[in-house]
Structures are given as structure tokens and as C-alpha cells.
Amino acid sequence: MKYTIVIQWSDEDNCFVVFLPEFETVMQPVTHGETYEEAFDNAQQVLGLLTKDDQPLPNPKPLLFMA
């Protein structure tokens, strides 16, 4: 399954923070990184852990385009 990863710079935390919108009931933000690449790698690790659990998974949100 494919899930959304949102990576944003945080001046307050001085790092990139990662949000996983489909898992917002678990925790937000879910991870971070000093670089964008590190944040993305950490996000993939977190998704791997979340999807290995025996709990039901949320449905991926569809990508919406606005014109």
C-alpha cells in the first residue's frame, strides 16, 4: 500500500519534520531528520514499522488535483 509522507522544515525544531496523514491518530509528527533525505529515510522506516503491526491499516488517501 502507498501512504502519504509530508516533510516540512521546522524553524522551531531546526530540522525537517515528517507527518503521515493517514496515521494522524497514532502521532504527529512521527519522525524528523537533519536533512530532507534523512527525514524521508526515517519516514520509510516508521511506515515499515506501522505496517508490520497486526492492527488494521488506514486506507491510503487519494491524491487530489486542484485546477
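What comes next is a walk through the structure. Worth saying up front: this structure is predicted, and the values here are computed from it rather than measured. (Residues numbered from 1 in each chain as written. Predicted model: local features only at pLDDT ≥ 70, side-chain atom pairs only at ≥ 80, totals over all residues. Heavy atoms only, no water.)

## Points about the overall build of the protein chain
- A count of helices and strands for the protein chain gives one helix and three strands.
- Mapped from its N terminus to its C terminus, the protein chain presents α and β elements in the order β-β-β-α.
- Based on the C-alpha atoms only, the size of the protein chain along its principal axes is roughly 35 × 35 × 20 Å.
- Taking all 67 residues of the protein chain together, the buried fraction comes to 27%.
- Only carbon and sulfur atoms are counted for the fraction: they give 54% of the accessible area of the protein chain, which is about 5,300 Å². (Helix = DSSP H or I, 4+ residues; strand = E, 2+ residues; numbered from the N terminus. Buried < 20%, exposed > 50% of the residue type's maximum accessible area, 1.4 Å probe, protein only. Areas by Shrake-Rupley, 256 points an atom, 1.4 Å probe, with all protein chains shown as cover.)

## Things to note about unusual backbone geometry
- Positive phi, close to 55°, is recorded for Asn-14, a residue that is not glycine.
- Its location among the elements puts Asn-14 in the loop between strand 1 (6-10) and strand 2 (15-19).

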